[in-house]
Amino acid sequence: LTSGPKSPGLHVIHIAAEMAPVAKVGGLGDVISGLGKALQKRGHLVEIILPKYDCMEYDRISDLKAIDLVVESYFEGKLYKNKIWTGVVEGLPVYFIEPLHPAKFFWRGEYYGEHDDFKRFSFFSRAALELLLQTGKRPDIIHCHDWQTAFIAPLYWDIYNPKGLNSARICFTCHNFEYQGTAPASELAACGLNVHQLNRPDRMQDNSAHDRVNPVKGAVVFSNIVTTVSPTYAGEVRTAEGGKGLHSTLVSHSKKFIGILNGIDGGAWNPSTDSLLAVQYSSNDLQGKAQNKTAIRRQLGLSTAKLRQPLVGCITRLVPQKGVHLIRHAIYRTLELGGQFVLLGSSPVPHIQQEFEGIANNLRDSEHARLILKYDEALSHSIYAASDMFIIPSIFEPCGLTQMIAMRYGSVPIVRKTGGLNDSVFDVDDDAIPLQYRNGFTFLDPNEQAFNAALERAFEHYWNDVKGWEDLVRKIMEMDFSWETSAAQYEDLYSKSVARARAAAASN
Ligand code: ADP
């Protein structure tokens, strides 16, 4: 690992709770490695700081070793030691922080959902800044993500900047405003922040409960750059309906707030090199895609009698945001229309998981539908490759990666027009959109009728226009959803912010 910028590029540190493929729950994990790699490729020195979870995919980390440095960080009035590990993930240097705290914060067999998440991640945020201070790093940008590392912004300005870790601008990306990590204000004191100073309406106080603090709000207020993951979502969260209580804060900080569409990692998601597929294929060889369809139908015990029977895929966390009622409906409607359906998903919400287990059980003997209710990276690749269509009927969707991955694998997306879906999927039948952008089927109202109309149009195209469908599949496989454009936008934001800070320092 390097200790400072050697190239003319910027030194960027991402501090996050997830990173694909070692510690991934959803899109955040993909973004950390995808954006990190793209920035590295553009000549920047990118380093990542993660918690050292017990449940990580350790075989995806190379050169993992504990370094000869124990970082002591403050929490609840005491100093705790942290063991620091380094390793390389997807070519990116990563620091893993292992707190030697009796509560074993990251040794719980899961990433999120513990009763003391606020404590665990405020501890981690402080330890991450302590690591930077003690190793003498002078990053240009510290980029934190979501509420788990939102504490970085106030900690940096209130505590670490005065201690001498003062080279950086702070960038905060909110990947989903649904998760704000609010807690009773008094809990903020544990990581050394001043509750009295921060529990104010213009700082970290939650907009709807005056005795609670809101880490996401704190990061919006205290960061130099605030982003979210698509332009449409950036507009939606500025409204009372979409802002989950933070719209007024985002409106007042509008100048530094922007939506940048995520990309996908073209190395990790590439059907022509993907070793997890039965057969690799490209847009010139749709035969290979058909072979993947046959393979998965066999693997899951679905009928292979008719090749041209549309296979509809869905890969998702089963949470209300994703439109679970429409997903359930889609399974039955697909069967009525004569298609096949494969769902790969799991739910952190027990009643939703149970409901889908019930559906899976009812369809156990079906030759046309299979529900696999777990997280399975390898199977996800096979489903993207095998399916003809891919549904994402989200109620809201900050960016969404599955529509982009699906397209890369030639699976035509059927999506609700919201957030990042609205910025990446354009209806095949919409004459108002230039032909070259049209790549899927969209609907607006979050109800069964609207969804049916889109699904039925997709089926009609599939059945009635074989050549047109193949052209569409080839076209979406060739569309550019790489990180290139988005990474260039982040680079621009970083550089401008750094330049502004330098100009201000020079004039003082
Ligand atoms: P979110 O971050 O809200 O979960 P995104 O669309 O941004 O949604 O990212 C979802 C990512 O997680 C995709 O890479 C998708 O393939 C993956 N994923 C979701 N559910 C599963 C699952 N059950 N098994 C494997 N991968 C999954």
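Just so it is clear, the structure is predicted and the values come from calculations on it, not from any experiment.

**Student:** Explain the layout of surface pockets to me, please; I cannot follow it from the model alone.
**Tutor:** Take a probe with the size of a water molecule and roll it over the atoms, and the empty space left behind shows itself. The volume enclosed by the second largest pocket comes to roughly 330 Å³. Pro21, Arg60, Ala268, Glu377 and His381 are, among the 20 residues lining the second largest pocket, the residues nearest its centre. At the level of elements, helix H1 (27-41) and helix H11 (377-386) are the ones that each hand at least two residues to the lining of the second largest pocket. Class assignment of the residues belonging to the lining of the second largest pocket gives a composition of 6 nonpolar, 6 polar and 8 charged. Here the lining of the second largest pocket spans two domains, since at least three of its residues come from each of domain 1 (12-263 + 485-507) and domain 2 (286-480).

**Student:** Honestly, the sheet that holds strand S14 (residues 369-372) in this entry has me stumped. Any pointers?
**Tutor:** Whether parallel or antiparallel, the strands of a sheet pair through hydrogen bonds between backbone atoms. Here 6 strands make up an open sheet; going across it, the order is S14-S13-S12-S15-S16-S17 and the pairing parallel. At either end of the open sheet lies a strand with only one pairing partner, and these are S14 and strand S17 (441-443). Across the sheet, the mean angle from the axis of one strand to that of its neighbour is 15 degrees, orientation sign disregarded. In the packing of H11 onto the sheet, the strands contacted are strand S12 (311-317), strand S13 (340-346), S14 and strand S15 (389-392), and the crossing angle to S12 comes to about 145 degrees. Across the sheet, helix H15 (residues 466-478) lies against S15, strand S16 (412-416) and S17, angled at about 80 degrees from S16, the strand it touches most.

**Student:** Would you mind showing me how to read the domain arrangement of the protein chain here?
**Tutor:** How big an interface is tends to be stated in terms of the accessible area lost upon association of its parts. Looking at the protein chain, the domain boundaries give domain 1 (12-263 + 485-507) and domain 2 (286-480). Placing a centre on the C-alpha atoms of domain 1 and another on those of domain 2 gives a separation of 33 Å. Of the residues lining the interface, 18 residues belong to domain 1; the matching set on domain 2 comes to 15 residues. At the boundary of domain 1 with domain 2, the tally comes to 8 residue pairs in polar contact (both at pLDDT 80 or more). Listing elements by their share of the side of domain 1 that touches domain 2, those giving two or more residues are H1 and helix H6 (231-236). If you tally residues by element for the side of domain 1 that touches domain 2, the top one is H6, at 4 residues. Taken together, the residues of the side of domain 1 that touches domain 2 break down into 6 nonpolar, 7 polar and 5 charged.

**Student:** Honestly, the pattern of salt bridges in this entry has me stumped. Any pointers?
**Tutor:** If charged atoms from side chains of opposite charge come close, those side chains can pair. Counting across every chain of the model gives 27 salt bridges. Of the charged contacts, one joins aspartate 30 and lysine 24 as a salt bridge, the two residues approaching to 3.0 Å between their closest N and O atoms. Residue lysine 24 is classed as buried on the basis of its relative accessible area, which comes to 16%. We note a salt bridge from lysine 374 to aspartate 376, for which the minimum N-O separation is 3.4 Å.

**Student:** I'm lost on the site of the ligand in this one. Help?
**Tutor:** In the neighbourhood of the ligand, 21 residues make up the surrounding shell, with Lys24, Gly27, Arg317, Lys322 and Tyr384 lying closest. With respect to the ligand, the side chain of aspartate 30 contributes an N or O atom lying 3.1 Å from an oxygen atom. One of the side-chain nitrogen or oxygen atoms of lysine 322 is found 2.8 Å away from an oxygen atom of the ligand. Coverage of the ligand by the protein chains reaches 93% of its 570 Å² of free accessible surface.

**Student:** Looking at this model, I keep getting lost on the side chain of lysine 24. Mind explaining?
**Tutor:** Mapping lysine 24 onto the fold places it in the loop between strand S1 (11-15) and H1. At a separation of 3.0 Å, a polar atom in the side chain of lysine 24 contacts the side chain of aspartate 30. Discounting chain neighbours no more than four positions away, the residues touching lysine 24 are Glu18, Met19, Asp30, Tyr111, Trp269, Tyr375 and Glu377.

**Student:** Looking at this structure, how should I read the packing of helix H2 (residues 117-134) against helix H3 (residues 152-163)?
**Tutor:** A pair of packed helices is characterised by two quantities: the angle between their axes and the separation of those axes. Axis separation between H2 and H3 bottoms out at 10 Å; the angle between their running directions is 35 degrees. With respect to the hand of their crossing, H2 and H3 are arranged in right-handed fashion. On H3, the residues that touch Ser125, Arg126, Leu129, Glu130 and Leu133 of H2 are Ile152, Leu155, Tyr156, Ile159, Tyr160 and Lys163.

The rules behind the values
Residues numbered from 1 in each chain as written. Predicted model: local features only at pLDDT ≥ 70, side-chain atom pairs only at ≥ 80, totals over all residues. Heavy atoms only, no water. 1 Å grid on protein atoms, 1.4 Å probe; cavity = no way out; pocket = protein on both sides within 12 Å on 5 of 7 lines; lining within 4 Å. Points joined across faces, edges and corners; volume = space filled by probe spheres on them. Helix = DSSP H or I, 4+ residues; strand = E, 2+ residues; numbered from the N terminus. Nonpolar A, V, L, I, M, F, W, Y, C, P; charged D, E, K, R; others polar. Domains from an automatic or database assignment. Pairing = 2+ DSSP bridges. Axes fitted to C-alpha atoms, helices over the stretch in contact; angles between N-to-C directions. Contact = heavy atoms within 4.5 Å. Polar contact = N/O pair within 3.5 Å; in protein donor to acceptor, adjacent residues only side chain to side chain. Salt bridge = Lys/Arg side-chain N within 4 Å of Asp/Glu carboxyl O. Buried < 20%, exposed > 50% of the residue type's maximum accessible area, 1.4 Å probe, protein only. Near = heavy atom within 4 Å. Areas by Shrake-Rupley, 256 points an atom, 1.4 Å probe, with all protein chains shown as cover. Left-handed = near helix turned anticlockwise from the far one by under 90°.

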